[in-house]
Amino acid sequence: MKEIMANRAGIWAIAIWCACAYPAIGYGEAESPFHDAAAYWTMSPEENKEPNILSLVIHGAVQTGVSLQGLERDASLQSCGDGYAAVFDGGYLSVPAEDEKRLALSGSEMSICIRMRVPSGEWDAPILGKSGEDDTASYYLSCTDGAAKPQTIQNIFGQTVPTEEYFLFHQPDGYKRVSASSQLIEFRIGLSPSREALDTLGKISGDGDPRILEEARKGCMRICAPVGLIGAKDWHGLVIRFTGPKVQLFVDGVLMDEEFPIGDLRTNAAPFLIGAASSHGEEVSGFHGEIDHVAVWNRALSDQEIELLSGGPGHAKTRAIEMLGRTPERIQYFRPNGFNVRLGDCIPLYVNDTLHLYYLLGRRNHHGKWWSGHGGLQVAHTSSQDLIHWQHHPLAIPITEQYEGFVGTGSCVYKDDTFYMQYPVMSMLPSRKGGIFTATSKDGIHFSKESEKPIIDELLDNAVIWDEREKQYHLFAMGGMNADKQYTLNWFTSTDLRNWKPQPKPLLVENEREFICPDYFEWNGWRYLLEGSLRKAWRSSEPFGPWTCQPLLMEMSILKVPKAFPIGERRLTAGFIPDEGWGGNLVVWELVQHNDGALGLKFADEFIPPSGQPITRPFASLTPHASGDASAVQVHSTGALEMGMQAAMPRNARITMLVKPSGKTGRFGLCFRGAGLYEKGCELQFAPETKQVQFGMPENGQLAKEPAAAWFVPYRIDGVEGLEQPFMLDIVMKDDIIDVCINNSRTIITRNNERGERLFFFAENAEVDFEDIVIRPLLDYTIEDAER
């Protein structure tokens, strides 16, 4: 049964073109966000005499004008509602054909707001919009089953990596796993990308996933939010904002997801429906829930308007903590809040007693902007004056133009009271040049992009240094392959950071691989070059070579894109530990310099997570030749594997000990988060004879034969000296990260999701004593704790 609703009949669709205020329903003196909405529906039964009223048509079971009571009414008024709702029991609403033109939005901006709830908690139906198939949809909000989405995706290197849906719904014991519900709120926007954009995407996709390129050809882009994070049965304000360079989904004023469109909003002939969708020419309903109000704009709402529609800034701050967690005040192992967010390459700058740590921020495992590799990266920022307490800032270099494929790894320097960021941009449109651009800032927080044209035409990750002797800047950047099929590290000079002159010879050539995201720094008369995935490091006693290669710092190959920075006479380095793909968590270690200039690594005191008082765990022998107590363990093997354990270990802890082996033969070590009789866990194995240390997984109750696999490289470090002599171990276990410092000279780090509570001590054909064992549970410390 269909019924035209107008005047007193129930739901009002109001296109309000005049500026007006609504102090009676919670706006205070602020102008209503609905004053220029293309369409706005309240659920009040009251007659409304506003001009340009559009009618809606009821299809099936929809009850309108239901009065909200008590706290529900208060929350409605606080979120720009009027205290009334419509109850859907499988029915839906449509717009008469003569009014559809008001909702046929186009161009590069639009916004949608809906306040709603699903009392059953089952978000499994269409919500609203002008839907259709992937190649015809205009804008459409619905719910879908995240567990049914693909679990893997292919990057531009042809490597198979997990999707975010895998981490959310499938990864066993994963720290991002959402167990409450596998449903996703999904917004699908239809775009009309230009032919040159599609051609560019085809060229840069490499061995990337063809499904992404197919979505680009269909002009379909999606953003989402897991229902299990937001409170499945509660009222929520959902806002979608399309600004041109970004399409964003806010829940209760909190940014949950964003993507980076190419093209304008596509119009279609599908009807605008609330509580249903159009599929293959038929209207499909099934929504069971309540709706407070709905509005559509042909412009992008402001941040302040989104907060107003979501109960105010205080409510949004509270909801951000509830949905995404508290912001860590300590920075080690930091990962920005968000269900699909990763921290990538770091750009540190220490100036005026403040460390500015800029870093790349990415979503969906490096698969944004219809690109299986780099799309959608932006530069974020956090800072500290003591390396312990950190303040998080707005994006430093966001994507602000559709042609910007990503903002890449650059450099930040300070000159004449001004911060200069030299950042690379990949252009998605051949009509707009990519390359290295400059942005400036007076406070290091708010940057202004200086020019639409690049200062260097080539797309180059770079490192910039000041040469006091020559009074000029040097920029070192990834080059290509020369005539001798060698990879080059290119070299530019400048006196003003804007005009760069290429040098005739590269700074360095390399036979095996490109110089990805290089770093250059000076320390005690030595100059060092690091490469982004750093299977090698180079040093020289002269500013620009000749260079000596140090190939042993494999731990900095596990730590991706390390960038060094000075703290007084010390040198620290910041990078990220990957999470089954590009990006992950921040790791900061301190560099160690030996007499010959060679580098080592150790924990930096300021970055060790805070821990509580020591606890004791009794020892239990699992084989005849293992003995000990809470503070000392002895494992003596003349051949077969011998082991003992301490049980009931805390999940997150700092463990220190002195390891005293006897001779070079055999293998020995620890296994964290173990279970059974050495059946599960994260094994840390030392092999003095081969000078190797590796992480691995127990194999049928025996030691791992091969190191665990990292992204591109194994979790193994080589050339570790002194393993046959006593050495100190310092171990931090934090969530899914296990970080180890060996004798204050080498480090190794891994990820592990095992949930066992046993710490195994083992030896095979080796004798080893573990002494001075101290176990301290980590403290959970956030910005909110510091403020209290």
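The structure reproduced in this document is the subject of the present report. (Residues numbered from 1 in each chain as written. Predicted model: local features only at pLDDT ≥ 70, side-chain atom pairs only at ≥ 80, totals over all residues. Heavy atoms only, no water.)

## Observations regarding the overall build of the protein chain
Here is step 1: The secondary structure content of the protein chain amounts to 9 helices and 59 strands.
Here is step 2: Taken against the 2.2 N^0.38 rule, which gives 28 Å for 788 residues, the C-alpha radius of gyration of the protein chain at 29 Å falls within 12% of a compact globule.
Here is step 3: In terms of overall dimensions, the protein chain has C-alpha extents of about 90 × 65 × 50 Å along its principal axes.
Here is step 4: Counting the 788 residues in the protein chain, one finds 60% classified as buried.
Here is step 5: In the protein chain, 65% of the contacts between residues at least 6 apart in sequence involve partners at least 24 apart.
Here is step 6: For the protein chain, the accessible area works out to roughly 30,000 Å², and carbon and sulfur atoms hold 48% of it.
Here is step 7: Both charge centroids of the protein chain, one from 73 positive and one from 104 negative side chains, sit 3 Å from each other. (Helix = DSSP H or I, 4+ residues; strand = E, 2+ residues; numbered from the N terminus. Rg over C-alpha atoms; globule rule 2.2 N^0.38 Å. Buried < 20%, exposed > 50% of the residue type's maximum accessible area, 1.4 Å probe, protein only. Contact = heavy atoms within 4.5 Å. Areas by Shrake-Rupley, 256 points an atom, 1.4 Å probe, with all protein chains shown as cover. Lys, Arg positive; Asp, Glu negative; His and termini not counted. Charge placed at Lys NZ, Arg CZ, Asp CG, Glu CD.)

## Some points on helix H7 (residues 313–324)
Here is step 1: The first and last C-alpha atoms of H7 sit 16 Å apart over 12 residues, in line with the 16 Å expected at 1.5 Å per residue.
Here is step 2: Looking at H7, one finds that the buried residues are Ala-316, Arg-319 and Met-323. Within H7, the buried residues cover an arc of 65° as seen down the axis, which keeps them to one side. What points out from H7, more than 90 degrees from its buried face, is the exposed set Lys-317 and Glu-322.
Here is step 3: At its buried positions, H7 is contacted by helix H5 (227–230), strand E16 (236–242), strand E17 (247–251) and strand E18 (254–259).
Here is step 4: Two residues or fewer past H7, Gly-325 is found with a positive phi of approximately 95°. (Expected span 1.5 Å × (residues − 1). Arc of directions from axis to C-beta.)

## Considerations on the sheet that holds strand E41 (residues 548–550)
Here is step 1: On the basis of which strands lie adjacent, the open sheet formed by 4 strands has the order E38-E39-E40-E41 and antiparallel pairing. The outermost strands of the open sheet, each flanked by one partner alone, are strand E38 (519–523) and E41. If you compare each strand with its neighbour and ignore which way they point, the axes differ by 25° on average.
Here is step 2: The pairing of E38 with strand E39 (residues 526–530) spans 5 bridges and is antiparallel. The residue bridging Trp-523 from the neighbouring strand is Trp-526, located in E39. (Pairing = 2+ DSSP bridges. Axes fitted to C-alpha atoms, helices over the stretch in contact; angles between N-to-C directions.)

## Quick word on the pairing of E18
Here is step 1: In terms of residue burial, E18 counts as a mostly covered element, since 5 of its 6 residues are buried.
Here is step 2: Between E17 and E18, which follow one another and run antiparallel, lie 2 residues, and Asp-252 among them has a positive phi close to 55°.

## Observations regarding the side chain of Thr-163
Here is step 1: Structurally, the position occupied by Thr-163 is in the loop between strand E13 (160–162) and helix H2 (164–169).
Here is step 2: Polar side-chain contacts of Thr-163 include one of 2.6 Å to the backbone oxygen of Pro-150. (Polar contact = N/O pair within 3.5 Å; in protein donor to acceptor, adjacent residues only side chain to side chain.)

## A few points about the pattern of salt bridges
Here is step 1: On inspection of all chains with the given rule, the structure shows 44 salt bridges.
Here is step 2: Across the salt bridge formed by Asp-292 and Arg-115, the nearest N and O atoms sit 2.9 Å from each other. Of the two residues, Asp-292 is situated in strand E23 (residues 288–297) and Arg-115 in strand E9 (residues 110–117); the sequence distance between them amounts to 177 residues. The same class applies to Asp-292 as to Arg-115, namely buried.
Here is step 3: In this structure, Lys-471 and Glu-468 form a salt bridge, with 2.0 Å as the shortest nitrogen-oxygen distance.
Here is step 4: Since its relative accessible area comes to 46%, Lys-471 is described here as partly exposed.
Here is step 5: Among the charged side chains, a network of salt bridges with common partners joins Asp-134, Lys-149, Glu-186, Arg-188, Glu-215 and Arg-222. (Salt bridge = Lys/Arg side-chain N within 4 Å of Asp/Glu carboxyl O.)

## Focus: the nonpolar core
Here is step 1: Of all hydrophobic cores here, the largest spans 112 residues; its most connected members are Trp-41, Tyr-139, Ile-274 and Met-421.
Here is step 2: When near neighbours in sequence (up to four residues on either side) are disregarded, Met-421 contacts Ile-347, Tyr-358, Val-379, Ile-397, Ser-411, Cys-412, Phe-437, Thr-438, Ala-439 and Phe-447.
Here is step 3: Core analysis: the next-biggest nonpolar cluster, separate from the first, contains 64 residues, Ile-577, Ile-608, Ala-653 and Val-720 among them. (Core = buried A, V, L, I, M, F, W, Y, C linked by side-chain atoms within 4.5 Å.)

## Here's the deal with the sheet that holds strand E50 (residues 653–661)
Here is step 1: The strand order across the open sheet formed by 7 strands is E47-E48-E59-E50-E55-E56-E57, and the pairing between neighbours is antiparallel. Edge positions in the sheet fall to strand E47 (626–628) and strand E57 (746–751), since each of these pairs with one other strand and no more. Pairs of neighbouring strands in the sheet enclose a mean axial angle of 20°, with direction left out of account.
Here is step 2: The pairing of strand E56 (residues 737–742) with E57 spans 6 bridges and is antiparallel. Among the inter-strand pairings, Cys-741 is bridged to a residue of E57, identified as Thr-747.

## Quick word on unusual backbone geometry
Here is step 1: The omega torsion across Gly-545 and Pro-546 is 10°, close enough to zero to call that bond cis.
Here is step 2: If you trace the backbone, Pro-546 turns up in the loop between strand E40 (537–540) and E41.
Here is step 3: Residue Asp-416 is not a glycine yet carries a positive backbone phi of 50°.
Here is step 4: Here Asp-416 is to be found in the loop between strand E29 (411–415) and strand E30 (418–427).
Here is step 5: Using a relative accessible area of 60% as the deciding quantity, one classes Asp-416 as exposed.
Here is step 6: A positive phi angle, near 50°, is found at Asn-524, a position not held by glycine.
Here is step 7: Looking at where Asn-524 falls in the secondary structure, it is placed in the loop between E38 and E39.
Here is step 8: According to the relative accessible area criterion, Asn-524 is partly exposed, its value standing at 48%.

## Some points on the packing of aromatic side chains
Here is step 1: In this structure the tally under the stated criterion is 27 aromatic pairs.
Here is step 2: Here the aromatic cluster, defined as three or more aromatic residues joined through ring pairs, consists of Phe-476, Trp-491, Tyr-520, Phe-544 and Trp-547.
Here is step 3: Over the ring of Trp-526 we find Arg-539; its NZ or CZ atom is 5.9 Å from the centre of that ring.
Here is step 4: Sitting over the ring of Tyr-175, Arg-755 keeps its end group 4.6 Å from the ring centre. (Phe/Tyr/Trp six-rings, centres within 6.5 Å; stacked < 30°, edge-to-face > 60°. Lys NZ or Arg CZ within 6 Å of the ring centre and 35° of its normal.)

## A closer look at the environment of Glu-214
Here is step 1: Mapping Glu-214 onto the fold places it in helix H4 (residues 210–218).
Here is step 2: Classification of Glu-214 by relative accessible area gives partly exposed; the value is 35%.
Here is step 3: In this structure the C-alpha to C-alpha distance between Glu-214 and Met-421, which are 207 residues apart in sequence, comes to 35 Å.

## What about the packing of helix H3 (residues 195–204) against H4?
Here is step 1: One can describe the packing of H3 onto H4 by two numbers: an axis separation of 10 Å at closest approach and a directional angle of 175°. The pairing of H3 with H4 is recorded here as roughly antiparallel in orientation. Contacts from Leu-198, Leu-201 and Gly-202 in H3 reach Leu-213, Ala-216 and Arg-217 in H4.
Here is step 2: Partitioning the contact of H3 with H4 into residue classes produces 4 nonpolar, 1 polar and 1 charged. (Parallel < 35°, antiparallel > 145°, perpendicular 65-115°, else oblique. Nonpolar A, V, L, I, M, F, W, Y, C, P; charged D, E, K, R; others polar.)

## Brief notes about the environment of Gln-593
Here is step 1: Note on placement: Gln-593 falls in strand E44 (residues 584–593).
Here is step 2: When the C-alpha positions of Gln-593 and Arg-571 are compared, they lie 9.1 Å apart, and in sequence the two are 22 residues distant.
Here is step 3: Excluding its chain neighbours within four sequence positions, the residues that come into contact with Gln-593 are Trp-523, Asn-524, Trp-526, Tyr-528 and Ala-598.
Here is step 4: At 2.8 Å, the side chain of Gln-593 and the side chain of Asn-524 are in polar contact.
Here is step 5: Within the local environment of Gln-593, its side chain forms a polar contact with the side chain of Tyr-528, the two groups lying 2.8 Å apart.

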